[in-house]
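# Structural overview for review
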Amino acid sequence: MSEITCKQVYTLGRSEVRACAVDLGENTAGQETGVLKAGDTVASGTIAVSDKPTGATDPTLGAVSVNASATYVNGRSCSAGEAVAFQATTGASQTLGRYVLLLTVVTTNGETIKRRLLFDVGSE
């Protein structure tokens, strides 16, 4: 199992709906550009809140979908099965602070990959 924390930290405001895409990539030509093995793709995924500010309620998270065709994530073209997307919605009185989401995907080879996604709920 691979477990990685994304380098980016996203900022959301209260009452915000954000479409999120995650590039899981593939390691090609000897470059460590992603977490998938050559020829492997994502079969399914789930997203959950793994950490949040004390007393905070969870933001609403939509179902994880795997890209069925080529798509761009952060300027990189991802082939089918190399990226996932979900929706995050914060409430009107969402507690300000750092939230950690845990994305869990299962690959077509049966490997489980977990990736932590960081986002801050900041003041408007």
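As shown above, the structure is provided for reference.
To start, this report covers the structure provided alongside it. This structure is a prediction, so every number in the text was calculated from the model and none was measured. (Residues numbered from 1 in each chain as written. Predicted model: local features only at pLDDT ≥ 70, side-chain atom pairs only at ≥ 80, totals over all residues. Heavy atoms only, no water.)

### Points about the packing of aromatic side chains
The final tally for this structure, using the stated rule, is 1 aromatic pair. A ring pair is formed by Tyr-99 and Phe-119, whose centres lie 5.5 Å apart and whose planes are at 10 degrees; its orientation type is stacked. Of this pair, Tyr-99 sits in strand β9 (residues 97-107) while Phe-119 is found in strand β10 (residues 112-121), placing the two residues 20 residues apart along the sequence. The burial state of Tyr-99 is the same as that of Phe-119; both residues are buried. (Phe/Tyr/Trp six-rings, centres within 6.5 Å; stacked < 30°, edge-to-face > 60°. Helix = DSSP H or I, 4+ residues; strand = E, 2+ residues; numbered from the N terminus. Buried < 20%, exposed > 50% of the residue type's maximum accessible area, 1.4 Å probe, protein only.)

### What about the pattern of salt bridges?
Scanning the model with the defined rule gives 6 salt bridges in all. Across the pair Glu-16 and Arg-18 runs a salt bridge whose closest N-O atoms are separated by 2.7 Å. Look at Glu-16 and you get partly exposed, because its relative accessible area is 21%. Relative accessible area serves as the criterion here: at 25%, Arg-18 is assigned to the partly exposed category. (Salt bridge = Lys/Arg side-chain N within 4 Å of Asp/Glu carboxyl O.)

### Describing the side chain of Asp-23
With respect to the helices and strands, the residue Asp-23 is situated in strand β2 (residues 17-23). Judged by relative accessible area, Asp-23 falls into the buried class, the value being 19%. At 2.7 Å, the side chain of Asp-23 and the backbone nitrogen of Gly-25 are in polar contact. A polar side-chain atom of Asp-23 sits 2.7 Å from a polar atom in the side chain of Arg-76. Those residues in contact with Asp-23 that lie beyond four places of it in its chain are Val-73, Arg-76, Cys-78, Glu-82, Ala-83 and Arg-115. (Polar contact = N/O pair within 3.5 Å; in protein donor to acceptor, adjacent residues only side chain to side chain. Contact = heavy atoms within 4.5 Å.)

What is shown is where atoms sit, not what they do.
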